[in-house]
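Here are the chains, one letter per residue:
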Amino acid sequence: MTLKILYAGGDNRWPDYARPLPAAIEAAGLDAEIADDFAPGDVDYIVYAPNNDLTDFSPYTKAKAVLGLWAGVEQIVTNKTLTQPLTRMVDSGLTEGMVEWVTGHVLRHHLGMDAHIVNPDHEWRFSPPPLARHRPVTILGLGELGTACAQALAALNFPVTGWSRSQKRIDGITCLAGEDGLAEALSTAQILVLLLPQTPATENLLNATRLAELPEGAVILNPGRGPLIDDDALLAGLDSGHIGHATLDTFRVEPLPQDHRYWSHPRVTVTPHIASETRAETASEVIAENIRRSEAGEPLLFRVDRTAGY
Ligand code: NAP
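Bear in mind that the values here come from a model prediction, so they are computed numbers and not experimental data.

What about the sheet that holds strand β5 (residues 86-87)?
Across a sheet, strands are paired by hydrogen bonds formed along the backbone, either parallel or antiparallel in direction. Across the sheet, which stays open at both edges, the five strands sit in the order β2-β1-β3-β4-β5 with parallel pairing between neighbours. Edge positions in the sheet fall to β2 (32-35) and β5, since each has one partner strand and no second. Here strand β1 (residues 3-8) runs beside β2; their pairing, made up of four bridges, is parallel. In the strand pairing of β2, Lys4 is matched with Glu33. Running at roughly 165° to β2, helix α2 (residues 20-27) makes contact with β1 and β2 of the sheet.

Quick look at the packing of aromatic side chains
This model, assessed by the stated rule, comprises four aromatic pairs. Taking the centre distance of 4.7 Å and the plane angle of 55° together, the rings of Tyr7 and Trp14 count as tilted. On the accessibility criterion, Tyr7 (7% relative accessible area) is buried. Aromatic side chains Phe251 and Tyr262 sit 6.2 Å apart centroid to centroid with 55° between the ring planes, which places their arrangement in the tilted category. Taken together, the positions of Phe251 in the loop between β11 (243-248) and α9 (261-264) and Tyr262 in helix α9 put the pair eleven residues apart, joining distant regions of the chain. Judged by its relative accessible area of 9%, Phe251 is buried. An aromatic cluster is defined as three or more aromatic residues linked by ring pairs; in this entry it consists of Tyr7, Trp14 and Tyr17.

Some points on the site of the ligand
Every one of the 30 residues lining the ligand counts as a neighbour, but Arg88, Ser166, Lys168, Ser276 and Tyr310 are closest to it. For the ligand, an oxygen atom lies 2.9 Å from a polar atom in the backbone of Leu145. Lys168 is positioned such that a nitrogen or oxygen atom in its side chain is 2.5 Å from an oxygen atom of the ligand. Taking 930 Å² as the accessible area of the ligand by itself, protein coverage stands at 92%. When residues of the shell around the ligand are traced back to their parent elements, those giving at least two are α3 (92-111), α5 (144-155) and β7 (160-164). If you tally residues by element for the shell around the ligand, the top one is α5, at three residues. The residue inventory of the shell around the ligand, partitioned by class, reads 13 nonpolar, eleven polar and six charged. Counting only domains with at least three residues in the shell around the ligand, you end up with domain 1 (3-91 + 278-295) and domain 2 (92-270).

Details of the sheet that holds strand β8 (residues 173-177)
If you trace the seven strands from one edge of the open sheet to the other, you get β8-β7-β6-β9-β10-β11-β12, paired in parallel fashion. Two strands in the sheet have a free side with no partner beyond their single neighbour: β8 and β12 (268-270). Each strand axis lies, on average, 15° off the axis of its neighbour in the sheet, ignoring direction. Strand direction decides the pairing type here: strand β9 (residues 191-194) and strand β10 (residues 218-222), joined by three bridges, are parallel. Within β10, the residue paired with Ile191 across the bridge is Val219.

Some thoughts on the domain arrangement of the protein chain
How big an interface is tends to be expressed through the accessible area that disappears when the partners come together. Taken domain by domain, the protein chain comprises domain 1 (3-91 + 278-295) and domain 2 (92-270). The C-alpha centroid of domain 2 is placed 32 Å from the C-alpha centroid of domain 1. Listed per partner, the contact involves ten residues of domain 1 and seven residues of domain 2. Between domain 1 and domain 2, the buried area comes to about 770 Å², and carbon and sulfur atoms account for 52% of it. Taken as a group, Glu74, Val90 and Asp91 account for 55% of the area that domain 1 buries against domain 2, more than any other trio of residues on that side.

A closer look at the pattern of salt bridges
Following the criterion strictly, the structure yields 16 salt bridges and no others. One salt bridge in this structure joins Arg125 and Glu123, with 3.6 Å as the shortest N-O distance. In this structure Glu123 comes out as partly exposed when scored by relative accessible area, which is 43%. Where Asp239 meets Arg261, a salt bridge forms, and the shortest distance between an N and an O atom there is 3.0 Å. A residue pair is termed long-range when its members are at least 10 positions apart, and Asp239 in helix α8 (residues 231-240) and Arg261 in helix α9 qualify at 22 residues. A relative accessible area of 44% means that Asp239 is categorised as partly exposed. Several salt bridges converge on common partners, so that one network encompasses Asp44, Lys62, Lys64 and Glu295.

What counts and what doesn't
Residues numbered from 1 in each chain as written. Predicted model: local features only at pLDDT ≥ 70, side-chain atom pairs only at ≥ 80, totals over all residues. Heavy atoms only, no water. Pairing = 2+ DSSP bridges. Helix = DSSP H or I, 4+ residues; strand = E, 2+ residues; numbered from the N terminus. Contact = heavy atoms within 4.5 Å. Axes fitted to C-alpha atoms, helices over the stretch in contact; angles between N-to-C directions. Phe/Tyr/Trp six-rings, centres within 6.5 Å; stacked < 30°, edge-to-face > 60°. Buried < 20%, exposed > 50% of the residue type's maximum accessible area, 1.4 Å probe, protein only. Near = heavy atom within 4 Å. Polar contact = N/O pair within 3.5 Å; in protein donor to acceptor, adjacent residues only side chain to side chain. Areas by Shrake-Rupley, 256 points an atom, 1.4 Å probe, with all protein chains shown as cover. Nonpolar A, V, L, I, M, F, W, Y, C, P; charged D, E, K, R; others polar. Domains from an automatic or database assignment. Buried area = accessible area lost by both parts, 1.4 Å probe. Salt bridge = Lys/Arg side-chain N within 4 Å of Asp/Glu carboxyl O.

This is the structure we're talking about:
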């Protein structure tokens with residue numbers, strides 16, 4: 001029987017998937033049609049991203065899974081009409097991109113590149129940076145992305161501490177968990193990277209109290225999600241100089257409103273949610289593999305825990 005796969009991944013991305021998704025489905029040995037306009041009751045699988053009109057999943061009575069194209073699921077995880085299993089995207093291309101963004105921005109701050117890139121008075125500033133081995137970095141979130149970034153930074157000799165909900169063991173990384181673990185992870189973080197999901201438990205995690213636990217002059221990178229940070233507390237920390245710089249890729253409201261203080265703050269760099277994105281080639285293989293698994297009665301990869309919210 002030919003499976004019906006509804007593509008609900010946003011019109012503007014379909015050209016990226018038009019070739020690799022059918023190719024991956026075929027390579028997985030599946031007989032399927034892919035379209036964006038099946039009768040809801042006929043659909044077997046939904047390939048989904050939140051930037052489209054589909055918000056009511058109740059008519060999709062036969063659908064066996066909703067296969068997300070995004071790593072973050074905060075916009076769908078609380079949808080009460082969604083009764084089907086939900087998976088999120090873990091894609092080697094997405095991970096690779098995040099490792100590049102995080103490593104690049106850590107190195108920018110570690111090496112003090114700005115002082116040499118913008119030097120209108122041609123000052124001879126002889127200030128060699130310390131070695132990476134003397135620059136502790138902390139990553140909040142040791143999932144797919146946090147772990148890959150931690151390993152890449154550790155390979156450059158940064159002493160890396162990671163923090164997660166459950167205790168982890170990763171070679172070369174100091175792994176911490178729990179409230180005490182968070183205090184310890186923050187206390188040494190000359191550079192702090194946020195790679196947590198947005199859930200009720202992580203919202204405003206970086207509040208005034210926790211920001212005060214960071215060393216003087218700490219740099220924050222937030223490619224995770226905007227609501228992880230209390231914006232007023234961060235701005236106060238930046239104004240006082242306690243926080244040396246914040247490089248922010250994600251925000252409560254996106255695009256970041258033109259009048260937001262982040263745009264003009266001298267200690268803030270804004271990047272427009274470009275840290276990483278799902279890559280159609282590799283993501284199509286993940287989608288196809290999950291459909292194959294579902295049809296074979298095997299457990300889905302990267303299934304979202306609806307209670308934990310990620
Ligand atoms: P993931 O594999 O689900 O990892 C999430 C990590 O956060 C896990 O280590 C988890 O702990 C930890 N965590 C969750 N809730 C926690 C809590 N309350 N306290 C402590 N730790 C907690 O997710 P991922 O694939 O690495 O992605 C992380 C996030 O990156 C996504 O949710 C998304 O928001 C963001 N993202 C941003 C971009 C961008 O372009 N800016 C691109 C992709 C993703 P456990 O390991 O114990 O479960």
